[in-house]
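The residues making up each chain are set out below.
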Amino acid sequence: MPARIIDGKAIAAALRAGIALQAKALPQPPGLAAILIGDDPASAVYVAGKVKACAEVGFLSFVHRLPASTSEAELFDLIETLNQDSKVSGILLQLPLPPALDARQFICMIDSNKDVDGLSPVNYGLLAAGLPAAVPCTPLGCLHLLRTVTTDLQGKRALVLGRSTLVGKPMAELLVQQDCTVTVAHSKSRDLPALCREADILVAAVGRPGLVRGEWIKPGAIVIDVGITRGADNKLHGDVNFAEALAVAGAITPVPGGVGPMTIACLLFNTLVAACRQQGRVVPKGLLDHDYSLCADASGRNTRGRVAR
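Residues numbered from 1 in each chain as written. Predicted model: local features only at pLDDT ≥ 70, side-chain atom pairs only at ≥ 80, totals over all residues. Heavy atoms only, no water.

Caption draft 1: How the structure looks around the pattern of salt bridges. Tallied over the full model, the rule gives five salt bridges. With a closest N to O distance of 2.7 Å, Lys218 and Asp200 form a salt bridge. Placement of the pair is Lys218 in the loop between strand 7 (201–204) and strand 8 (222–225) and Asp200 in the loop between helix 8 (192–197) and strand 7, with a sequence separation of 18 residues. In this structure, Arg213 and Glu244 form a salt bridge, with 2.4 Å as the shortest nitrogen-oxygen distance. In this pair, Arg213 sits in the loop between strand 7 and strand 8 while Glu244 sits in helix 9 (residues 242–246), placing the two residues 31 residues apart along the sequence. (Salt bridge = Lys/Arg side-chain N within 4 Å of Asp/Glu carboxyl O. Helix = DSSP H or I, 4+ residues; strand = E, 2+ residues; numbered from the N terminus.)

Right, here's the structure in full:
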């Protein structure tokens, strides 16, 4: 029997609808500020998509387009201004930056309460400690997609293919918190096909189209394909050979239409959470069925009383 195709578009649409309802209840609409530096066409498309998504759920959006020649001092001043702006709930620094600007330095400058990408050391540390944190959007979306297939992840063997700070590492942490037995594989890992065949859950996030073949996949496994690369045929391709995997896996995300829509929906979710905290409102529960690590009341404490921030 062919694998179940996990419809990321439909799942993301349901999440966005819930976010829109919650946003209407706030005294002030959530606001997302995006910083776009240089003229990278892909980055411009991504930012435009996020601005459109904000409008659809009733968020404000503020796009700051800067030339590639922007200095460190100019970018620092802009981030500091946005940190202090009460209309801005979340700040998105679109990557990559021009070579002269160190992305890590400026990510650290973003107020951790407005770090809706979940990339600051503060939020990374909170996530690793199991405390309320802004979780990077793509791993958060991947976990939600997984849990539409099964709510029982306890004891499952999970392989995260890729160790980036944007996807691989936080994805592994989220799966550990779900009581999975997690392996992280990368370019230096030996016998990658054998590692894949052991996995009940396979998350592929390396950016190498078609790397994972159908014969690598354990029959019945859940496959989450994060990779997205435009090929010579001008079509988008994932890290998994979809046609081969479809005959073996139990469930799989397509590319496009799988993880991508969920990434944007989770960016909106993180922005909503940030807005609730900043406006002294209780963070809504139930939008994501696994948002245990994100839910805190207006006092900054989660439901078990641990200090969130």
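Caption draft 2: Expanded view of unusual backbone geometry. Here Leu95 and Pro96 are connected by a cis peptide whose omega angle stands at 5°. Take Pro96: it is sitting in the loop between strand 4 (90–93) and helix 4 (103–109). Cis geometry marks the peptide bond from Val255 to Pro256, where omega comes out at 0°. Within the secondary structure, Pro256 is located in the loop between strand 11 (251–252) and helix 10 (259–278). For Asp179, which is not glycine, the phi dihedral falls at a positive 70°. Topologically, Asp179 is positioned in the loop between helix 7 (168–177) and strand 6 (181–185). Here Asp179 falls in the partly exposed class, since its relative accessible area comes to 45%. Phi is positive for Asp191, close to 50°, though the residue is something other than glycine. Residue classification places Asp191 among the exposed positions, given a relative accessible area of 52%. (Buried < 20%, exposed > 50% of the residue type's maximum accessible area, 1.4 Å probe, protein only.)

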